[in-house]
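# Tertiary structure, described
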2 protein chains.
Amino acid sequence: MFRTHTCGELRIADLKRTVTLAGWVQRIRRMGGMTFIDLRDRYGLTQLVFNQEIDAVLCEEANHLGREYVIRTIGTVAERSNKNPHLPTGDIEIIVSELTVLNVSATPPFTIEDDTDGGDDIRMQYRYIDLRRNAVRANLELRHKMTIEVRRYLDGQGFLEVETPVLIKSTPEGARDFVVPSRMNPGQFYALPQSPQTFKQLLMVAGFDRYFQIVKCFRDEDLRADRQPEFTQIDCEMSFVEQEDVLQLFEGMSKHLFRTLKGIDMQEPFVRMTWHDAMKRYGSDKPDIRFDMQLVELMDVLKGHGFSLFDEAAYIGGICVKGAAAFTRKQLDELTDFVKRPQIGAKGLVYARIDDDGVKSSVDKFYTQETLGLLKAAFRAQTGDLILILCGDNVNRTRKQLGELRLELANRLRLRDKEHFACLWVVDFPLFEWDSDTQRFYAIHHPFTSPKPEDIALLDTDPAQVRANAYDMVINGVEVGGGSIRIHDSALQRRIFQFLGFSEEKAEEQFGFLINAFRFGAPPHGGLAYGLDRLVSLFAGVDSIRDCIAFPKNNMGRDVMIDAPSRIDDVQLDELSLTISE
Amino acid sequence: MFRTHTCGELRIADLKRTVTLAGWVQRIRRMGGMTFIDLRDRYGLTQLVFNQEIDAVLCEEANHLGREYVIRTIGTVAERSNKNPHLPTGDIEIIVSELTVLNVSATPPFTIEDDTDGGDDIRMQYRYIDLRRNAVRANLELRHKMTIEVRRYLDGQGFLEVETPVLIKSTPEGARDFVVPSRMNPGQFYALPQSPQTFKQLLMVAGFDRYFQIVKCFRDEDLRADRQPEFTQIDCEMSFVEQEDVLQLFEGMSKHLFRTLKGIDMQEPFVRMTWHDAMKRYGSDKPDIRFDMQLVELMDVLKGHGFSLFDEAAYIGGICVKGAAAFTRKQLDELTDFVKRPQIGAKGLVYARIDDDGVKSSVDKFYTQETLGLLKAAFRAQTGDLILILCGDNVNRTRKQLGELRLELANRLRLRDKEHFACLWVVDFPLFEWDSDTQRFYAIHHPFTSPKPEDIALLDTDPAQVRANAYDMVINGVEVGGGSIRIHDSALQRRIFQFLGFSEEKAEEQFGFLINAFRFGAPPHGGLAYGLDRLVSLFAGVDSIRDCIAFPKNNMGRDVMIDAPSRIDDVQLDELSLTISE
């Protein structure tokens, strides 16, 4: 037997017991004739003691151990003279009588501490060592607990977990698919699913009523920060429901997770906000409402005073930053640089300081103190506040820039406490989005999203105004989940496909099986999907989803630990009837 | 609201309640002035009643519904005059006052009954309709429950579920990988995992101690009957364990599943049988021990009597079939044909009937009644029994043929009751298997399997005799799971690689990251993996794993419902730097 106990469980009640422990050597300290070893496993640390005077040979063996050696040790539990209140096992230590080295270890390339000296790259290359660190392991333990609780909740609500296939069919709409050449069908390819969307709808047609799946999905995108080519969704779908049913049930799930994983009991219903309101008030479809600093439109106040930038703008708006009037020139320049970054794309930043003498703005020469007084009033600003203003020729684009500025300021002012969670539903998304490049409308969610019944008439007259029965769950400015009520009526589905420019052949080719399935009694249905990686990161209070994935890939989609992707044998290529065109 | 209740929950206690139900029209019957509809959902059937005399218009609407129409109905719960004791809702019916058609349905291509009139192909093409059948849905409900219980058990035992990557690195050893071209790394490929083997071992190196995952795996094989290119494993690994620890823990899991899913309380420990014994007594490394009919070696009895086929054989053995002496000539010919099929490969079948007059065999002229008496005694055969004998020049190959014959007879004699479960562990597998084609040894499990410490010395002298710390769980003749204690010692691992003919470069190229990881303190570890699809089939009492998979593929690896795999756009190929060589 390798152990009788783990390194995390012995307490003062175990005094005098003979125990066998196994684990890794975290630390060795020699003091006088004593050697102390912190033995580590997943469950904790236990101190081992070797006494030169009692057993010189054994003590000498202990002195020759190295960091991360794997050992097995037999000894007696004793009370520590020098207790460690920070450690659950801190009241006891093991007087060792027997020591076996199970495996040696080379010196690890970085320290296995919460604050490690290893950089990102080396930690990824030696991920199996990085995973020994408490911080990383705790995230993955949280991930495990979250999936257990998600399943507990959904199982309790009558959901069935059904596995949908991974080798499916490529659909060029949407993001790019990863494809898998079929050896048995030369020249043909499977695709890896971007989501089980069509399959979960088929399961509704099949009468499964309530489906969920915690499932890997794949997207071959140029990886932006914090995207992974493979990611995990909590994918759900329900039949015979309206939007309200879905929101209630999944708000319940989120509350269940907060209660069981964070000990937070959320009594209040989640805030509901229309997409239009979110854009107008926060410049974002995923507003962070942990702090206020709402956008205020200033067209009435600032337009028509001879400042041509504003006079020509389609939108002027600002935010009021409490107590930030004291920002230095340098800080304001930094903010100007921030909004001018290509990712944000604003042309410049106008500011106005509220101080005892009035309002001092960077565009003073165009505005009277009276107008600036109206500006102050528009924000109900007070002495010591700073007003920041952007303008632009595209309303929502400018609102988004202002929304980004709002988040940047909240970061700088530390208004985004990671242990405070502000949840809301964003509802009433537009069904379509106009793309000026291709001069056509696209489905914002996907082509199966149901329009609001009262908006269907607008399809012919003003499609941009058609609202969808779609909803996102947003927590702390992160879209953790989203979904919609689906179209279950074949005629309406055909109309939407037509509107989106799918020819009948193309719709048939890509979604024929779904369209066909809908002919055989499709029930009303809807659902949503959570991004598990993001949800775990949020609960763990970490910024990157990578910290919550056991073996993540880097920004080039590469696993640097196993060195994948890689070249394959020519034999393999031949079998697949493929050649590489360089 | 679409419904207040499901179609499975109303009882006599609900009498007079006004309820709203929604579901599919299973059946319409008109009797006199009444119309009866069986309304179906996942949860059951409820009878709806329409009365011509009370509401002629509504009744007429009901008469116009078709099979599989989706409807919503409001009505009052009433007691049935003609109760149906086979239905949980059979005591009540709904007197309908309001009816809404939510969706129409074309006539389904086959009936939605337990005994459907649809053939395999059409049911696969319309799988979403096939899934409406109770029998198929019940299998998937069982699958859901099984994964819930597996997670409950393993979570309770301190296991963490960790997701390992799906886009990994190709390793040409073992079965063929599915590969995924990388657009961002032209000419390079990911592979889909055949199992998370190396990752779970890395998690042990990472100190995760107890890992599991219910995970899709992939194998690009020429599909034999009942194989799927994607399949699901319950994959598990533990640190600081010996074989006995693994067997105990997973025997516990299987018992937990039998108790919670089948109501079977297995008190006795599972039978343990060495691989050698299993081959000798059952001609199989996955013996079905629900029935006896063990193999008996007959070299001593039948060799050297002038029957050249036997005299030249390396193995002669037989089985005794109780009460089968009355088998007709035709039945015996069928059995002879059976063993001569290329899949079995025997040259012929010798039989001996035990009747009141003695033993009558097909090779009477070579053997005296005295010898035949010894034959009878070898089986402790009785009047009315039938002895079937095979011989061959390869001991284990002949045993396997006899094992197949044994199963065939058990099938014919209905000795394989699907509701009776006989579980065992097969242990002490050989570590290597000699391949006469390539004239080399292969690892039977995989190259990370630990030899038994006491057999390591045989590596140099008699490798075929080296036993592995490997084990399979077998239920009713099906290998439901298997695994091994792994090698955690780098030197031993190098030696095994060398023995298997991996050059240092090749081992480094393919498993470098694992070999490297083992340098940093790998703990002793071992584990196993269950085939979920097969385990569910076994519990469901169905023969094919396809019946327990929501959307299976056919024998050509094709999903006939969505028509995958398929051609992809040339643009996609270009992006992947690939051309198809026809």
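Bear in mind the structure is a predicted one, so any value in this text is a computation, not a measurement.

About the cut-offs
- Residues numbered from 1 in each chain as written.
- Chains lettered and ligands numbered in written order.
- Predicted model: local features only at pLDDT ≥ 70, side-chain atom pairs only at ≥ 80, totals over all residues.
- Heavy atoms only, no water.
- Phe/Tyr/Trp six-rings, centres within 6.5 Å; stacked < 30°, edge-to-face > 60°.
- Helix = DSSP H or I, 4+ residues; strand = E, 2+ residues; numbered from the N terminus.
- Buried < 20%, exposed > 50% of the residue type's maximum accessible area, 1.4 Å probe, protein only.
- Pairing = 2+ DSSP bridges.
- Domains from an automatic or database assignment.
- Axes fitted to C-alpha atoms, helices over the stretch in contact; angles between N-to-C directions.
- Contact = heavy atoms within 4.5 Å.
- Parallel < 35°, antiparallel > 145°, perpendicular 65-115°, else oblique.
- Left-handed = near helix turned anticlockwise from the far one by under 90°.
- Nonpolar A, V, L, I, M, F, W, Y, C, P; charged D, E, K, R; others polar.

### Focus on the packing of aromatic side chains
Residues and elements named next belong to chain B.
- Scanning all chains against the criterion turns up 46 aromatic pairs over all chains.
- Aromatic side chains F258 and F421 sit 5.0 Å apart centroid to centroid with 55 degrees between the ring planes, which places their arrangement in the tilted category. Here F258 is found in helix α6 (residues 243–262), whereas its partner F421 is found in the loop between α12 (395–412) and β17 (423–427), with 163 residues between them in sequence.
- Take F258: its relative accessible area is 0%, and that puts it in the buried class.
- Arranged with centres 5.5 Å apart and planes meeting at 10 degrees, the rings of F497 and F511 form a pair that is stacked. With F497 in helix α14 (residues 490–499) and F511 in helix α15 (residues 504–517), this residue pair connects regions lying 14 residues apart in the sequence. Across the pair, exposure class does not vary: F497 and F511 are buried alike.

### Examining the pairing of strand β13 (residues 315–321) of chain B
Residues and elements named next belong to chain B.
- With seven of seven residues buried, β13 is to be regarded as a mostly interior element.
- Where burial is concerned, the two faces of β13 agree: the one with Y315, G317, I319 and V321 and the one with I316, G318 and C320 are both buried.
- Judged from the two bridges that link them, strand β12 (residues 296–297) and β13 form a sheet pairing that is antiparallel. When the sheet's bridge partners are listed, E297 is paired in β13 with G317.
- Where β13 meets strand β16 (residues 386–392), seven bridges bridge the pair, whose relative direction is antiparallel. Looking at β16, one finds that C320 is bridged to I387.

### Let's talk about the pairing of strand β5 (residues 92–103) of chain A
Residues and elements named next belong to chain A.
- Looking at chain direction, strand β3 (residues 44–51) and β5 are connected through two bridges and run parallel. When the sheet's bridge partners are listed, L48 is paired in β5 with I94.
- In this sheet, β5 lies alongside strand β4 (residues 70–79) in antiparallel orientation, the contact comprising ten bridges. What sits directly across from T73, in β5, is L99.

### Remarks on the domain arrangement of chain A
- Taken domain by domain, chain A holds domain 1 (12–103), domain 2 (136–272 + 423–548) and domain 3 (291–412).
- Measuring from the centre of the C-alpha atoms in domain 2 of chain A to the corresponding centre in domain 3 of chain A gives 37 Å.

### Some points on the sheet that holds β3(A)
All names here are of chain A.
- Strand order in the closed barrel formed by five strands is β1-β2-β3-β5-β4, and the pairing between neighbours is mixed. Across the sheet, the axes of successive neighbouring strands diverge by a mean angle of 55 degrees, strand direction being ignored.
- In this sheet, β3 lies alongside strand β2 (residues 34–41) in antiparallel orientation, the contact comprising eight bridges. Bridge pairing links L39 to T46 in β3.
- Together, β1 (18–31), β2, β3 and β5 form the strand contacts of helix α1 (residues 56–63), whose direction differs from that of β5 by roughly 65 degrees.

### Looking at the packing of helix α4 (residues 134–156) of chain A against helix α6 (residues 243–262) of chain A
Residue and element names in this part refer to chain A.
- Contact pair α4 / α6: the axes reach a minimum separation of 10 Å and the direction vectors enclose 135 degrees. When the axes of α4 and α6 are compared, the pair comes out oblique. Helix-helix and strand crossings are classified by hand; for α4 and α6 the assignment is right-handed. Seen from α4, the contacting residues are L142, K145, M146, E149, V150, Y153 and L154; seen from α6, they are L249, F250, G252, M253, H256, L257, T260 and L261.
- Classifying every residue of the contact of α4 with α6 gives ten nonpolar, three polar and two charged.

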